[in-house]
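Below are the chains, spelled out letter by letter.
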Amino acid sequence: MMLSKYKTIGFILITGLSNFKAIAQTDVASAFKFATSQTDFMLTQVAQAKAQTTNANLVVPRNIDKNGNLAIIPSKDWCSGFFPGELWYLYEYTKDTKWLNEAKTYTAFIEQEKFNTGTHDLGFEIYCSFGNAYRLTHDAAYKDVIIQGARSLSKRFNPVVGAIRSWGNIGTPKFTVIVDNMMNLELLFEATRLSGDSSFYKIAVTHANTTIKNHFRADNSSYHVVNYDQETGKVIEKITAQGYANESAWARGQAWGLYGYTMCYRETKDKRYLEQAEKIAQFIINNPELPKDLIPYWDYNAPDKATQPRDASAGAVAASALYELGTYSKANGKLYTSTANKIVDNLKAYRPNIGESKGFLLLHSTGSAPAHSEVDVPIIYADYYYLEALIRKQRLHDHQPVVKQ
Ligand code: GLY
């Protein structure tokens, strides 16, 4: 009698658990169904936009502009890697060769950037596109692009400052480093793995260490911009470019830092990076200014919140990072995973209807509010990190390593 009672309870528990798991899986499947339909539509919109311009350099989508048109951009734009990357994620999830072919086509459009030494954004451009391409195909041609991209990015490293220059030409006096630059280190780690050349790895850890030292405040939020003297390596000023104020916490910057240090821990197993990622996670999760749906306003310190736009991209980047951090944190792993789940669930409310908004996946991102640029619009990187977060959610559900290398 007792035994069968426990059996019944056990059955209910197991059924409940597997229902929960089935829900997680169904959610990801339905999000990818939405994403494939929207991206089909976006491909038609990109083709239309290309037909309307004589500029053959405009190759990939970025946002919806102030006139409501789809903005397409050249390979040299910092956002050029995200759409190819999305196509790789669609292929990864669906295994449909249609997406493989589109991914190959759009990735090829931006290959020339591997020689670009004029930007720190080569990580975004080359890793999100060619990095995923190599990860999913192991085609040696993609590997060569990654290594060349890392060589070009490394040219912007200054050993006196101990960092990669974000903005400005190599050699100009003001040496600017933005917290976003943490994201570009993933390309360097991968290039060392693929080439055996440890110089890329050393540059990455030096940059990460310098950023820990100078970019973070006592409350674990980060400055957006730190300017250095390139001759002495001294910090000249700590300011903002895309945030509300010099002393404020620009939402996407916090997400870039969270993702960057989580990734650095994955690559090095250095505990300092795990600690830094956890500090940033706590800043975000415990922030009284974080709205109930966990999608931040564009800056945690912007006043009159009710009138301020959100930044869905910051939510998507944080969700993807938290899925990974959840697998490393002994004390808070469950909290990070459940927070990521909530963000991903809540982002459903940020999706447009299928066949609308030029095929973007998420509405309500903010590029640069101070510059009145890309405010409360769909932006391609929000979509990229949304798909990445969904893939990570699925991998966790399938008991796979959260990041497939
Ligand atoms: N890296 C520029 C941005 O996050 O807007």
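Described in the following lines is the structure provided in the data block.

Definitions and limits used
Residues numbered from 1 in each chain as written. Predicted model: local features only at pLDDT ≥ 70, side-chain atom pairs only at ≥ 80, totals over all residues. Heavy atoms only, no water. Helix = DSSP H or I, 4+ residues; strand = E, 2+ residues; numbered from the N terminus. Rg over C-alpha atoms; globule rule 2.2 N^0.38 Å. Buried < 20%, exposed > 50% of the residue type's maximum accessible area, 1.4 Å probe, protein only. Contact = heavy atoms within 4.5 Å. Areas by Shrake-Rupley, 256 points an atom, 1.4 Å probe, with all protein chains shown as cover. Lys, Arg positive; Asp, Glu negative; His and termini not counted. Charge placed at Lys NZ, Arg CZ, Asp CG, Glu CD. Near = heavy atom within 4 Å. Polar contact = N/O pair within 3.5 Å; in protein donor to acceptor, adjacent residues only side chain to side chain. Pairing = 2+ DSSP bridges. Salt bridge = Lys/Arg side-chain N within 4 Å of Asp/Glu carboxyl O. Axes fitted to C-alpha atoms, helices over the stretch in contact; angles between N-to-C directions. Expected span 1.5 Å × (residues − 1). Arc of directions from axis to C-beta. Parallel < 35°, antiparallel > 145°, perpendicular 65-115°, else oblique. Left-handed = near helix turned anticlockwise from the far one by under 90°. Nonpolar A, V, L, I, M, F, W, Y, C, P; charged D, E, K, R; others polar.

1. Description of the overall build of the chain
Scanning the chain for helices and strands turns up 12 helices and seven strands. Taken over C-alpha atoms, the radius of gyration comes to 21 Å for the chain, in line with the 22 Å a tight globule of 405 residues would show. The principal-axis extent of the C-alpha atoms belonging to the chain is close to 80 × 50 × 50 Å. The buried share among the 405 residues of the chain stands at 59%. Restricting to contacts in the chain with at least 6 residues of sequence separation, those with at least 24 account for 64%. By element, 55% of the accessible surface of the chain is carried by carbon and sulfur atoms, the whole surface being about 16800 Å². With 44 positive and 40 negative side-chain charges, the chain shows a separation of 6 Å between the mean positions of the two kinds.

2. So, the site of the ligand
Around the ligand, the neighbouring residues are Trp78, Asp180, Gln242, Trp250, Arg252, Trp256 and Tyr381. One of the side-chain nitrogen or oxygen atoms of Gln242 is found 2.8 Å away from an oxygen atom of the ligand. The separation between an oxygen atom of the ligand and a polar side-chain atom of Arg252 is 2.6 Å. Protein contacts shield 93% of the accessible area of the ligand, which totals 190 Å² for the unbound molecule.

3. Considerations on the pairing of strand β5 (residues 174-178)
Within β5, four of the five residues are buried, leaving the element largely enclosed by the surrounding structure. Across five bridges, the pairing between β5 and strand β6 (residues 225-229) is antiparallel. Among the inter-strand pairings, Val177 is bridged to a residue of β6, identified as Val226.

4. A word on the pattern of salt bridges
Applying the stated rule across the entire model yields 19 salt bridges. When the shortest N-O distance is used, the salt bridge between Glu324 and Arg266 registers 2.6 Å. On the criterion of sequence distance, the pair formed by Glu324 in helix α10 (residues 312-328) and Arg266 in helix α8 (residues 251-268) is long-range, its members being 58 residues apart. For the pair shown, Glu324 and Arg266 are each scored as buried. A salt bridge links Lys305 to Glu289; the nearest nitrogen and oxygen atoms lie 3.4 Å apart. With a gap of 16 residues between them, Lys305 in the loop between α9 (271-285) and α10 and Glu289 in the loop between α9 and α10 connect regions that are remote in the sequence. Among the charged side chains, a salt-bridge network with shared partners connects Glu186, Glu190, Arg193, Arg266, Glu267, Glu324, Glu388 and Arg392.

5. Structural notes on the sheet that holds strand β7 (residues 235-239)
Taken together, three strands build an open sheet; the order of strands is β5-β6-β7 and the sheet is antiparallel. The outermost strands of the open sheet, each flanked by one partner alone, are β5 and β7. With direction set aside, neighbouring strand axes in the sheet form an average angle of 20°. Bridge count for β6 against β7 is four bridges, and the pairing is antiparallel. Looking at the pairing, Asn227 lines up with Glu237 of β7. Packed on one face of the sheet, helix α7 (residues 199-215) meets β5, β6 and β7 and runs near 105° to β6.

6. A short note on helix α3 (residues 97-108)
In a regular helix each residue adds 1.5 Å, so 12 residues correspond to 16 Å; α3 covers 16 Å between its end C-alpha atoms and thus fits that length. Listed as buried for α3 are Trp99, Leu100, Ala103, Tyr106 and Thr107. Along the axis of α3, the buried residues cluster in a sector spanning 140°; they form a single face. Capping the start of α3, Asp96 holds a side-chain oxygen 2.9 Å from the backbone nitrogen of Lys98, two or three residues further along.

7. Comments concerning the packing of α7 against α8
Working note: a packed helix pair is described by the angle between its axes plus the distance between those axes. Taken N-terminus to C-terminus, the directions of α7 and α8 make an angle of 140°; their axes are 11 Å apart at the nearest point. Classified by the angle their axes make, α7 and α8 are oblique. By crossing handedness, the relation of α7 to α8 is classed as left-handed. Contacts from Tyr201, Val205, Ala208, Thr211 and Ile212 in α7 reach Tyr261, Cys264, Glu267 and Thr268 in α8. Here the contact of α7 with α8 is built from residues that sort into six nonpolar, two polar and one charged.

8. Some thoughts on the side chain of Arg217
Residue position: Arg217 is located in the loop between α7 and β6. Classification of Arg217 by relative accessible area gives buried; the value is 13%. Every residue in contact with Arg217, bar those within four places of it in the chain, is listed here: Ser222, Tyr223, Asn246, Glu247, Ser248 and Ala249.

9. Side note on unusual backbone geometry
Positive phi outside glycine occurs at Lys358, with the angle close to 60°. Counting through the fold element by element, Lys358 comes out in the loop between α11 (333-346) and α12 (380-397). According to the relative accessible area criterion, Lys358 is partly exposed, its value standing at 23%. For Glu374, which is not glycine, the phi torsion reads 55° and is therefore positive. Mapped onto the fold, Glu374 is located in the loop between α11 and α12.

10. Description of α9
Under the 1.5 Å per step criterion, the end-to-end length of α9 is 21 Å for 15 residues, consistent within 8% with the ideal 21 Å. Within α9, the full set of buried residues consists of Tyr273, Leu274, Gln276, Ala277, Glu278, Ile280, Ala281, Phe283 and Ile284. Check the buried side of α9 and you find it contacts α7, α8, α10 and α11.

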